[in-house]
Amino acid sequence: MVEKDSLVAPLFERLDWAAAVLNVPRSIVEEELRRFKFREITADRIRVHLDNGQYASFTSTVVLHCLPYPGDKPYKGGIRLSNAVTPDTLRMLAVEMTLKCGVVDLEFGGAKSGILLPKPVSSYSKREIAAIVEGYAEFFIKLGIIRPDFYVPATDVGTTSE
């Protein structure tokens, strides 16, 4: 059940509208598209050595949303680096990624990762950003979350291909 205050609720309202316009059977909308099938994993202490010589801990979360395809298809979604990222935002973006992949017939489930920064991303050096993202990646690779056959992250807000 979607909570009324959730960011996913307005997304599902748009989905219901689009389904009605496209004559998508209600059973498909309810049984396949609106089902909440999330996996969320949060790391509370990704420690990084900063340029000022101190260490800082960062919280990061990975949200994996429903895998609508049979077999071993991976999840796809970006890594968001921001001082405003929340698990609810990540849930909404993971659902959107599931829908975007489905619209273009890519057999991926939707996902989104977020690394919560205590201050804006612009306050960190390139080296610090790289260390934060590497710490996140190392943690989730060790858990077996990030791997080519399961979750393939990409760049998003606050990150680059560097």
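Residues numbered from 1 in each chain as written. Predicted model: local features only at pLDDT ≥ 70, side-chain atom pairs only at ≥ 80, totals over all residues. Heavy atoms only, no water.

Asks: Requested: an account of the pattern of salt bridges, with residues and values cited.
Replies: Enumeration over the complete set of coordinates arrives at nine salt bridges. The shortest N-O distance in the salt bridge between Asp51 and Arg127 comes to 2.8 Å. Here Arg127 lies in helix H4 (residues 126-142) and Asp51 lies in the loop between strand S1 (38-49) and strand S2 (55-65), a separation of 76 residues in the sequence. For Asp51, a relative accessible area of 46% gives the class partly exposed. One salt bridge in this structure joins Asp156 and Arg80, with 2.6 Å as the shortest N-O distance. Linking Asp156 in the segment after strand S5 (151-155) with Arg80 in strand S3 (residues 75-82), this pair joins segments that are 76 residues apart in sequence. Salt bridges sharing partners connect three or more residues here, namely Glu40, Asp88 and Arg91. (Salt bridge = Lys/Arg side-chain N within 4 Å of Asp/Glu carboxyl O. Helix = DSSP H or I, 4+ residues; strand = E, 2+ residues; numbered from the N terminus. Buried < 20%, exposed > 50% of the residue type's maximum accessible area, 1.4 Å probe, protein only.)

Asks: Residues and numbers for the nonpolar core, please.
Replies: Core analysis: the largest hydrophobic core is formed by 24 residues, its most contacted members being Phe58, Ile115, Ile132, Tyr136 and Tyr151. When residues of this core are traced back to their parent elements, those giving at least two are S1, S2, S3, strand S4 (109-116) and H4. No other element matches the five residues that H4 contributes to this core. Excluding residues that lie within four positions of it along the chain, Ile132 makes contacts with Ile46, Val48, Phe58, Leu81, Ile115, Leu117 and Tyr124. Membership of the second largest hydrophobic core comes to seven residues, among which are Val8, Leu11, Met92 and Leu93. (Core = buried A, V, L, I, M, F, W, Y, C linked by side-chain atoms within 4.5 Å. Contact = heavy atoms within 4.5 Å.)

In short, the description is geometric, and any link to function would need to be established separately.
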